[in-house]
Structure formats: C-alpha cells, structure tokens
Amino acid sequence: MSAISLEQVTVRVPTHDGDLLVLHETSLSLTEQRIALVGPNGSGKSTLARLVNGLVTPSTGRVLVDDLDVRRSGREVRRRVGFMFTDPAAQLVMPTAREDVALSLRRTHPDKADRMAAADKVLADFGLDGFGDRSVHGLSGGERQLLALAGVLATEPSVLVADEPTTLLDLGNSRRIGDLLLSLPQQLVLVTHDLDLAARCDRALLVRHGRVEQDGAADDVVSHYRATA
Amino acid sequence: MSAELLGIYRPGDTFLHRRRAGTKLLGLMVASIVVVVVHGPVSAVVFVAVALGLLAWSGARLDVTLRAMRGLLVMAVLLGAWTVWQSGWPRSVEVVGDLVALLLLATTLTVTTPVDEVMDAVVHGLRPLRPLGVDPEQVGLAFSLMLRAIPSTLTLAGEARDAALARGLERSPRARLVPLVIRVVARARETGDALHARGVGDQH
C-alpha cells in the first residue's frame, strides 16, 4: 500500500481580483485502501485529488507519495499514481482502443509487437476483447470509461486517483465501473458524488469551502454529508 | 460523428497497407512539395484525381470518407469562392484542388497506417536530430495528437453549430466561433492534463 501525505498544503489560483484560496492549509496522511472524497461542486475535492499526481502543485507545503515529493519527483510519482478523469473523451488521445492502450505502454514495451500484444491483453482483461480496432469515438460512455481505466492501469500504478469517474454514466455503467474500481488491488482515491459508492470505501473525507470538514469512517462521513448538504 | 472517422486506420492488405509508415510519410512529403510547386488548374485537377484513386485503392469507402471530410470540404469551397472573387477561376481551381488533393493524400496515409506506426516512423526519422536538442518522442507524440485534433475539432464545430441553432442564433458567427474557440482550448488543456497524468512524454 502506498502512503500519501499532504503536509501543510495550500492551493491558491490567480484571479483578476487577486489570488483565490481554493484549498486551505491541509495536512493528511492517506494509507487506507479505498478513500472517498465527497462534497459539493467547487468545494476543492478535485483540487485535493489532483495534488496527488502533480496535476495541481501546492502553493505552500508539500505532497509526498511513498516519500517522493510530487513537485521534485513528478516523473516517478506519475509512474506510481494513475489518474482517471470524469470525461473519458479528454483522456483517450489515440484513434483506436488498441492504440490508446499501447500509448501507455510505450515506455515499458519498446518493441511494437510486444506492445500491441500487451495492449490486446489489457483490453481482454477489462472485457474489451475485439475492441482493438474500434474508434474510441464509436464506443458507448461505459465502454469509453472502461477503456480509459484500462489505459491508466496498463502501466500498473500502485495508486489510482479517479475524479468523478461515474458522473457521466447511466445507472448500469455507473454500478459496473464503481464495482470495478472498488475491487482493484490498487489504492484508490475516489472523488465522487455517488454517496452509495463513497460509503463502501474504507475512509471518506468531506471537503467543503476548501477545507476538509470531516474525516473518518466512510459511513459516518457520508451520513453527516447527507444530513448537512 | 462522421468527422471522427477521419484519421481512423482501416486494417487491410492492399499495396499501400503493406508499405512502411516511413515510406508513406516520405511519399506524402514529396507529393506535398510537388502539389505546391506545380502550378495551374489542370495539374490541380489531376492531383485530385490521383489522390482519389489512391484513396479508393487503399480500400477506404469514398462515400464515407468524403462525408467525414464534409466540414473540411465546406471550408475549401468557401476558400474557393473567396479566391474566385480575388483572383479568378483558374487560381481558385488551383488553390482548392491542391488543398483537397493534400487532404485526400493525408487521409490515405491515415487510413492505411496505424497512428502508432506513424509515431514510430517520426521518432525513428528524427532520432539523428537528438544532438541538436530535438526530442523525437515529443515530436512523434505531437504528430499523432495533430492527427487526432482535426476530426475532434470538426466535431466540436458541429456541436457549436447545433448549440447556436438550438438558441436561434444560426446567423450569428460569434455564437458559433466563440464557444468553438473556448472548447478547443479547453479540450487542448484537458488533453495536456491527461497526457501529463499518464506520464506520456516522461518516457526518457
């Protein structure tokens, strides 16, 4: 299990009216297998999640993954931390499913034949056999999100950060992707509005107005959020 | 949706499929130079005919491909109308013909070559320039992203047009262009974030 820690981290973003503090000073240690981040829109939970693999850099403080400073050792950290976006259309950058997974494998599989075989195996592992030559644009929402997940996990990260991965999906696909995420061996940091899914995690953090308002057992935090939303 | 078919590889076993990606890229470069250097409306029409022939030879369905290129062809027609007004018919036929021929040739390349192979060919071809500071992996990646950006931008343009129509603003260029530009920039940022998150470009 990886150890993620935030030490006195703040995040400010520049605006026309001066800097906006989107994350107040936060110190956390995340060591559980499945951690949910819940809270209203614009509360800072995605910012918090993005800190973990360097998509957002702290204005003050530091973020460590397995004792590696995300700012100083970004490359090593990104190899350990996969990131799944809300909209898979933004994440799928190659025309076909096989090519997109193969893009993730370029570093670990320099030989093209090996890479394509490995990409086909990853697709098969995610129930996407026969999708290799399909255009990523021709896939359904659930298939696209599944492919995005396959592309991220192809590199075998030890942590997966998923930023509202089920928001754009219908009920069936939302359950399917949710179940899959919770069954992964990787440590999971899950930003979600699906409170049933969040309640199944080992720990949850309620983020509101740029602060971690509550942190504890997922059931308790989700109940508190339901009562105070 | 149809615009997204542009740049999609179609598996096959034609003569063009069997050629190496580097050979085809080089051929496209040479053909592009010839198309630009040789002037005149007749040569432009010949280039279009040859490019159409190559595309048909590649096994691509011409009707589907031309439908996918509809947005680009509309722009070519608008450019043609402008050129007729500015420089007359012969010049217009040459400009539009050359442009369409190059589009068709580039489409032939993408239809017969997986993007991964194009990327490998670019990386291989640029490797000797590494001592000069050129990063072949990054250029190869940029090349493949460019191939993806064309159909993606056409799709966003279609969505911006539909949104303008839905609001009764079909005659407003601003209602079409402003959201398009904003969304293209936003999509580029998202793509950058996604590549960053996947560690693509961190390879070495």
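Residues numbered from 1 in each chain as written. Chains lettered and ligands numbered in written order. Predicted model: local features only at pLDDT ≥ 70, side-chain atom pairs only at ≥ 80, totals over all residues.

S.K.: When you look at the environment of A:Ala154 in this model, what are you seeing that I'm missing?
M.R.: All names here are of chain A. Topologically, Ala154 is positioned in the loop between α6 (141–153) and β7 (159–163). In this structure the C-alpha to C-alpha distance between Ala154 and Ala118, which are 36 residues apart in sequence, comes to 8.6 Å. Leave out the neighbours within four places in its chain, and Ala154 touches Val101, Ser104, Leu105 and Val122. (Helix = DSSP H or I, 4+ residues; strand = E, 2+ residues; numbered from the N terminus. Contact = placed C-beta atoms within 7 Å.)

S.K.: How should the environment of B:Asp98 be read in this particular structure?
M.R.: Residues and elements named next belong to chain B. Structurally, Asp98 can be placed in helix α6 (residues 89–112). For Asp98, a count of 21 C-beta atoms within 10 Å corresponds to the buried category. Along the sequence, Asp98 and Ala81 sit 17 residues apart, while their C-alpha atoms lie 15 Å from each other. Apart from residues no more than four positions distant in its own chain, Asp98 is found in contact with Val35, Val36, Ala44 and Phe47. (Buried ≥ 20, exposed ≤ 12 C-beta atoms within 10 Å, placed from the backbone.)

S.K.: Just to check I follow, could you spell out the packing of helix α3 (residues 41–57) of chain B against α6(B) for this structure?
M.R.: For any two helices packed against each other, the geometry is given by the interaxial angle and the distance between the axes. Residue and element names in this part refer to chain B. Packing of α3 against α6 leaves a shortest axis separation of 8 Å and a crossing angle of 20°. When the axis of α3 is compared with that of α6, the two are roughly parallel. Crossing angle aside, the handedness with which α3 passes α6 is left-handed. Of the residues in α6, those touching α3 at Pro41, Ala44, Val45, Phe47, Val48, Ala51, Leu52, Leu54 and Leu55 are Pro90, Val93, Glu94, Gly97, Asp98, Val100, Ala101, Leu104, Leu105, Thr107 and Thr108. Taken together, the residues of the contact of α3 with α6 sort by class into 15 nonpolar, three polar and two charged. (Axes fitted to C-alpha atoms, helices over the stretch in contact; angles between N-to-C directions. Parallel < 35°, antiparallel > 145°, perpendicular 65-115°, else oblique. Left-handed = near helix turned anticlockwise from the far one by under 90°. Nonpolar A, V, L, I, M, F, W, Y, C, P; charged D, E, K, R; others polar.)

S.K.: Whenever I open this one, the pairing of strand β4 (residues 60–65) of chain A confuses me. Can you help?
M.R.: Regular strands place their side chains on alternate faces of the sheet. Residues and elements named next belong to chain A. As paired elements, strand β1 (residues 4–15) and β4 share five bridges and run antiparallel to each other. Residue pairing across strands places Leu6 opposite Val63, the latter belonging to β4. Here β4 pairs with strand β5 (residues 68–69) via two bridges, running antiparallel. Directly across from Val65, in β5, lies its bridge partner Leu68. Where β4 folds back on β5, the antiparallel hairpin that results is connected by two residues, among which Asp66 adopts a positive phi of roughly 50°. (Pairing = 2+ DSSP bridges.)

S.K.: Help me understand the sheet that holds β4(A), please; the structure alone is not making it clear to me.
M.R.: The strands that make up a sheet pair up through hydrogen bonds in the backbone, lying either parallel or antiparallel. Spatially, the four strands line up as an open sheet ordered β2-β1-β4-β5 (chain A), and their pairing is antiparallel. The strands lining the two open edges of the sheet, one partner per strand, are β2 (18–30) and β5 of chain A.

S.K.: Please explain the interface of chain B and chain A as it appears in this structure.
M.R.: For an interface, size is often stated in terms of accessible area lost upon the parts coming together. At the interface, 26 residues of chain B touch 26 residues of chain A. Per-element accounting of the side of chain B that touches chain A gives the leading share, nine residues, to helix α9 (residues 173–198) of chain B. When the residues that make up the side of chain B that touches chain A are grouped by side-chain class, the tally is eleven nonpolar, six polar and nine charged.

S.K.: Please clarify how the packing of helix α7 (residues 115–126) of chain B against helix α8 (residues 136–166) of chain B should be interpreted in this entry.
M.R.: All names here are of chain B. The interhelical angle for the contact between α7 and α8, taken along N-to-C directions, is 145°, at an axis separation of 8 Å. Handedness of the α7/α8 crossing: right-handed. Each of Val115, Val118, Met119, Val122, Val123 and Leu126 in α7 lies in contact with α8, whose residues at this interface are Pro136, Glu137, Val139, Gly140, Leu141, Phe143, Ser144 and Leu147. Looking at the contact of α7 with α8, its residues break down into eleven nonpolar, two polar and one charged.

S.K.: Looking at this structure, I do not really get α7(B). What am I missing?
M.R.: Each α-helix turn comprises 3.6 residues. Residues three or four places apart therefore point the same way. With twelve residues, α7(B) extends 16 Å from end C-alpha to end C-alpha; this agrees with the ideal 16 Å at 1.5 Å per step. By the burial criterion, the buried members of α7(B) are B:Val115, B:Asp116, B:Val118, B:Met119, B:Asp120, B:Ala121 and B:Val122. Check the buried side of α7(B) and you find it contacts α4 (97–104) and α5 (112–125) of chain A together with α2 (21–37) and α8 of chain B. (Expected span 1.5 Å × (residues − 1).)

S.K.: Just checking my understanding: could you explain α6(B) for this structure?
M.R.: A rise of 1.5 Å per residue sets the reference length of α6(B), with its 24 residues, at 34 Å; its end C-alpha atoms lie 34 Å apart and thus fit the reference within 8%. With 18 of 24 residues buried, α6(B) lies mostly within the body of the structure.

S.K.: For this particular structure, what's the right way to read the nonpolar core?
M.R.: Looking at soluble globular proteins, one finds that nonpolar side chains tend to be buried together. Judged by nonpolar contacts, the single largest core of 106 residues is most densely connected at A:Leu37, A:Ala150, A:Val189, A:Leu190 and A:Ala204. Three or more residues apiece are contributed to this core by two domains, here domain 1 (1–115) and domain 2 (133–204) of chain B. Each residue touching A:Ala150, except ones within four places of it in the same chain, is listed here: A:Val101, A:Val122, A:Leu123, A:Phe126 and A:Leu128. (Core = buried A, V, L, I, M, F, W, Y, C linked by C-beta atoms within 7 Å. Domains from an automatic or database assignment.)

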